[in-house]
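Listed below are the residues making up each chain.
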Amino acid sequence: MNKDENYKTFVALFENKEVGFITVVQTMALEYEIGYLKINGLAVQENFQKKE
């Protein structure tokens with residue numbers, strides 16, 4: 001995964017501290033011309049959940 005460009009990880013920062021992340025992979029599917037993104041992992045620190 002580390003060297004495969006189809007996998008990406010995005011990190012959420014608040015006041016220069018990590019508060020969450022999401023990991024996605026771009027996959028191909030017959031019903032979609034350009035494929036789609038599949039979420040492989042998602043985490044948010046508890047005190048930042050359910051915020052607007």
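Note that the structure is a prediction, hence the values are computed from the model and not measured.

Caption draft 1: Focus on the sheet that holds strand β2 (residues 17–29). One open sheet holds the three strands; their spatial order is β1-β2-β3, and the pairing between them is antiparallel. Two strands close off the open sheet at either side, each with one partner strand: β1 (7–14) and β3 (32–44). If you compare each strand with its neighbour and ignore which way they point, the axes differ by 25 degrees on average. Bridge count between β1 and β2: eight bridges; the pairing is antiparallel. Counted as the bridge partner of F10 is I22 from β2.

Caption draft 2: Seen up close, the pairing of β3. Judged from the nine bridges that link them, β2 and β3 form a sheet pairing that is antiparallel. Its bridge partner lying in β3, A29 is registered against Y32. In sequence, β2 turns back onto β3 through a hairpin of two residues.

Caption draft 3: Spotlight on the environment of E46. As for its position among the elements, E46 is in the segment after β3. Given the relative accessible area of 69%, E46 is considered exposed. The sequence separation of E46 and M28 amounts to 18 residues, and the corresponding C-alpha distance is 33 Å.

What counts and how
- Residues numbered from 1 in each chain as written.
- Predicted model: local features only at pLDDT ≥ 70, side-chain atom pairs only at ≥ 80, totals over all residues.
- Heavy atoms only, no water.
- Pairing = 2+ DSSP bridges.
- Helix = DSSP H or I, 4+ residues; strand = E, 2+ residues; numbered from the N terminus.
- Axes fitted to C-alpha atoms, helices over the stretch in contact; angles between N-to-C directions.
- Buried < 20%, exposed > 50% of the residue type's maximum accessible area, 1.4 Å probe, protein only.

As far as function goes, none of this settles anything; it's purely spatial.
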